[in-house]
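Structural description and commentary
The chain contents come next:
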Amino acid sequence: MQLTNYTEYALRVLLFLGTLDEGEKTNIKEISTAFSLSEHHLSKIVHELGKLGYIETIRGRNGGIRLAKRPEEIVIGAVVRETEDNLSLVECFAAHGNECVLTPSCRLRFALREALEAFLRVLDAYTLADLLENRTSLRALLGKRRDR
């Protein structure tokens, strides 16, 4: 299983914002520079994270973006579920379009569903705060990229 770039970048945005000091804001350009990612692509992700309530976007002269929740309140499994558009590992997971002839007797789908649930259960055990335990190191790495 591989997460989409969209989900990976959403998690990176949250990590970046989590390294900021309380009340500090940033912008898409800074995040884009830090990760060498397209500003256009990040704009879509930031917009979606805002709609989902994970980040706050402030317009205007002193605007910017920052976390809308405390890192302890952001569960990684929830972020993955909300940003992945398709967690169907195999065709038979899909409600429509399943043409696999083995589906009526296949037990593989049960094993794969159990594996997916275990994967998400592990991610549910982590919050953004857990991933920021080395916040100082992360900030130093990101700061070097921002200063380019």
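Scoring rules and cut-offs
- Residues numbered from 1 in each chain as written.
- Predicted model: local features only at pLDDT ≥ 70, side-chain atom pairs only at ≥ 80, totals over all residues.
- Heavy atoms only, no water.
- UniProt positions renumbered as here; feature names shortened; annotations may be inferred.
- Axes fitted to C-alpha atoms, helices over the stretch in contact; angles between N-to-C directions.
- Helix = DSSP H or I, 4+ residues; strand = E, 2+ residues; numbered from the N terminus.
- Parallel < 35°, antiparallel > 145°, perpendicular 65-115°, else oblique.
- Left-handed = near helix turned anticlockwise from the far one by under 90°.
- Contact = heavy atoms within 4.5 Å.
- Nonpolar A, V, L, I, M, F, W, Y, C, P; charged D, E, K, R; others polar.

The name given to the protein in an unreviewed UniProt entry is HTH-type transcriptional regulator NsrR, and the organism recorded there is Geobacillus stearothermophilus. What UniProt states about the protein under its Cofactor (unreviewed entry) heading is, verbatim, "[2Fe-2S] cluster".

**Focus on the packing of helix α1 (residues 5-18) against helix α4 (residues 76-83)**
Contact pair α1 / α4: the axes reach a minimum separation of 9 Å and the direction vectors enclose 140°. Put simply, α1 runs oblique to α4. As for how α1 packs across α4, the hand of that crossing is right-handed. Counted together, Tyr6, Thr7, Ala10, Leu11 and Leu14 of α1 and Ile76, Val79, Val80 and Thr83 of α4 form the full contact between these two elements. Here the contact of α1 with α4 is composed, by residue class, of seven nonpolar, two polar and no charged.

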